Amino acid sequence: MTDKEREERALVADWQALVRIFMRPENEAAKATLLKYMNQILFELYDFLQKNVGITEEKDLKAMSRGYEDTGIGKLPEVKLTDVINELIHEIAPHAVNVSSPYFIGHMTSAIPFFMVHLKTIVTALNQNVVKLETSKVCSLIEKQVVAKIHRLVYKKDEAFYKDHVQNTVTSLGVFTEGGTTANLTAMWVARNTLFAPKEGFSGVEKEGLAEAYRAYDTDRSVILVSKRAHYSFRKTAGVLGLGNRHVIRLEVDENNRMSIPGLLDTIEQIRQEGRTKIIAVVGIAGTTETGNVDPLHEIAEICRREKIHFHVDAAWGGPTLVSDKYGHLLSGIELADSVTIDAHKQFYTPMSCGMVFFKDPKHLDAIQYHANYVNRRGSVDLGIKSLAGSREANSLVLYCALKIMGSEGYSLLINHGIDTARSFADELRKRDNFQLITPPELNILTYRICPKPVKELIERSTPAEKKRLNERLNELNKALQRRQREAGHSFVSRTVLNNPYLPGEPVVVLRCVIMNPMTDMEILNDILDEQEEIYNDMFNSFVCLE
Ligand SMILES: *Cc1c(COP(=O)(O)O)cnc(C)c1O
């Protein structure tokens, strides 16, 4: 058959064609074609990512959505692999978001090392399922090893401890999860089941449900204590676990966005006086999502130890900071936590999505174990025994390889670059008259706003009521500025709302930057600030007129 004949042959879904797609390439020609596709995916996509910055190609989302309204599944094959790959590269990718641009500094999603694509491809090709040993074998052992490596980074137990547990078929140091949300959920699930454990006349909350548990423990409600800066995954968790998300108590933060210790003590005391309320856990955050601050982990740990409360640290963002000799100490106290969440798809730079949760006590995960006759038999290395997920990919392979390729030294360079650059960026903001730093970087996240010099001077001379009004106007200005910059498509910073440290009690709209891309340097950050000044110059007149 000539190429032309092949072209003209209608696409069919017959048995022969079906079998072909399950086989390795039949011959050298077929293999060459597949390699050509891979080349296209790996390099054309990469070239695209290099060329475009910010949110790519302006196109109305509504107009775009009209191209994706057909809900029928075609009866006959519509296109060949080559056409689909072309569509992905030339039509879909340009309208996705170029998160790998060094000008894309608004979110915790960024460029990943190039080799991650290769590693992920191999994991897909192997298609192991670590729910049970029978579909994963060595990959389950590797997950246990990688979990132990990161556990060691966090808890720094001795060699004998890790020798004992790294490949122990009965104990678990942690588990891979879909992401930080399910890692937090897993930790709270364990804490709930430990608190409402089986006892005389009660066979545990997991079996009997929350209503029975509250009866058995003379309880009306149980709560999770977090700071106001906590990730919303704890509210989801409280919903799923049946606690009710109104029972996630959000404590006040100090001027550095860290959990207030007097606030924590007061709340615990108040709960004690109320009676009939149990505390499932206190959560400390090591790198808040909005501002990157670290809660006072030592103080919280001490209170939890005294009060016998589960202490969880949400280090989904900040965890990998521990590899840095220079900045690892910023997370000091994390080793006192009963459980810790870390996302690998954030600062271990693995592809989406890869979370992990760790437990100080290697028996703690027993609180959520499940067995089934056909899989997950007692005493096996079936990782599905103590995991929220059933079937799941061997994601640990990616981190296993990445840790070898990078070494702690390599990761340390990335972490140090992020924190050092964020600090230089803060210095630059302090120097520029038209900006105001709102939260200086503790790790590699900072927030600021545009606050034109004349407005700053006006604020100085204003009455409290005028100050409040000017603050509202600045909030509008910063919202508009962030939107305009995003729409221009050259760069992207995000925005959020915090307490205004210069005007207590008032909300402040801030621009938020996350410095994790190693290609993001001061030159690029200055470009971004210059662009923001240009945008506000455009808008400034209207701003003043309205005063
Ligand atoms: C990102 C993040 C989460 C949620 O993790 P996902 O992987 O998005 O589910 C939880 N807590 C903190 C502090 C985070 O930064």
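To be clear, the structure that these remarks concern was listed above.
Scope of this entry: the structure provided in the associated data block.

Cut-off values and rules
- Residues numbered from 1 in each chain as written.
- Predicted model: local features only at pLDDT ≥ 70, side-chain atom pairs only at ≥ 80, totals over all residues.
- Heavy atoms only, no water.
- Helix = DSSP H or I, 4+ residues; strand = E, 2+ residues; numbered from the N terminus.
- Rg over C-alpha atoms; globule rule 2.2 N^0.38 Å.
- Buried < 20%, exposed > 50% of the residue type's maximum accessible area, 1.4 Å probe, protein only.
- Contact = heavy atoms within 4.5 Å.
- Areas by Shrake-Rupley, 256 points an atom, 1.4 Å probe, with all protein chains shown as cover.
- Lys, Arg positive; Asp, Glu negative; His and termini not counted.
- Charge placed at Lys NZ, Arg CZ, Asp CG, Glu CD.
- Core = buried A, V, L, I, M, F, W, Y, C linked by side-chain atoms within 4.5 Å.
- Near = heavy atom within 4 Å.
- Polar contact = N/O pair within 3.5 Å; in protein donor to acceptor, adjacent residues only side chain to side chain.
- Salt bridge = Lys/Arg side-chain N within 4 Å of Asp/Glu carboxyl O.
- Axes fitted to C-alpha atoms, helices over the stretch in contact; angles between N-to-C directions.
- Parallel < 35°, antiparallel > 145°, perpendicular 65-115°, else oblique.
- Left-handed = near helix turned anticlockwise from the far one by under 90°.
- Nonpolar A, V, L, I, M, F, W, Y, C, P; charged D, E, K, R; others polar.

1. Quick look at the overall build of the protein chain
Then step 1. Within the protein chain one finds 19 helices and 11 strands.
Then step 2. Against the globule reference of 24 Å for 547 residues, the protein chain gives a C-alpha radius of gyration of 26 Å, in line with a compact fold.
Then step 3. Taken along the three principal axes of its C-alpha coordinates, the protein chain extends 85 × 70 × 45 Å.
Then step 4. For the protein chain, the proportion of its 547 residues judged to be buried stands at 49%.
Then step 5. In the protein chain, of all internal contacts separated by at least 6 residues, the share reaching a separation of at least 24 is 71%.
Then step 6. Accessible surface, the protein chain as shown: approximately 27400 Å² in total, 54% of it carbon and sulfur.
Then step 7. On the protein chain, the mean spot of the 67 positive side-chain charges and the mean spot of the 72 negative ones are 4 Å from each other.

2. Comments concerning the nonpolar core
Nonpolar side chains in soluble globular proteins tend to end up buried together.
Then step 1. Leu225, Leu264 and Tyr411 are the most contacted members of the largest nonpolar core, which totals 69 residues.
Then step 2. With nine residues, helix H16 (residues 396-431) is the single largest residue contributor to this core.
Then step 3. Setting aside its immediate chain neighbours within four residues, Tyr411 contacts Met116, Val323, Gln347, Phe348, Tyr349, Leu399, Ala402, Leu403 and Met406.
Then step 4. Judged by nonpolar contacts, the second largest core, of 31 residues, contains Val205, Ala230, Ile280 and Ala281.

3. Some points on the environment of Lys31
Then step 1. Position of Lys31 among the secondary structure elements: in helix H3 (residues 28-51).
Then step 2. Here the alpha-carbon distance between Lys31 and Leu403, two residues 372 residues apart in the chain, equals 32 Å.

4. Some words on the site of the ligand
Then step 1. Within the structure, the ligand sits among 14 residues, and Gly180, Thr181, Asp314, Asp343 and Lys346 are positioned closest to it.
Then step 2. One of the side-chain nitrogen or oxygen atoms of Asp314 is found 2.6 Å away from a nitrogen atom of the ligand.
Then step 3. Take Lys346: an N or O atom from its side chain is 2.9 Å from an oxygen atom of the ligand.
Then step 4. When the ligand is considered free in solution it has 380 Å² of accessible area, and contact with the protein chains removes 86% of it.
Then step 5. Where the shell around the ligand is concerned, the elements lending two or more residues are helix H9 (180-195) and helix H15 (344-347).
Then step 6. If you tally residues by element for the shell around the ligand, the top one is H9, at three residues.

5. A word on the pattern of salt bridges
Side chains that differ in charge, positive against negative, can pair when their charged atoms come close.
Then step 1. The full count for this structure, using the stated rule, is 26 salt bridges.
Then step 2. A salt bridge links Arg430 to Asp427; the shortest N-O distance between them is 3.0 Å. Residue Arg430 and its partner Asp427 are located together in helix H16, separated by three residues, close to a single helical turn.
Then step 3. Among the residues examined, Asp427 registers a relative accessible area of 41% and is labelled partly exposed.

6. Some thoughts on the environment of Phe358
Then step 1. Mapped onto the fold, Phe358 is located in strand S7 (residues 355-359).
Then step 2. Phe358 sits in the buried class, given a relative accessible area of 0%.
Then step 3. Along the chain, Phe358 and Leu322 lie 36 residues apart, while their C-alpha atoms are 14 Å from each other.

7. A few points about the packing of helix H13 (residues 261-274) against helix H14 (residues 297-307)
Then step 1. Following both chains from N to C, one finds H13 and H14 inclined at 20°, their axes separated by 10 Å at the closest point. The orientation of H13 relative to H14 falls into the category roughly parallel. Handedness of the crossing formed by H13 with H14: right-handed. Together, Ile261, Leu264, Leu265, Ile268 and Arg272 of H13 and Glu299, Ile300, Ile303, Arg306 and Glu307 of H14 make up the contact between the two elements.
Then step 2. Residues belonging to the contact of H13 with H14 are distributed by class as follows: six nonpolar, no polar and four charged.

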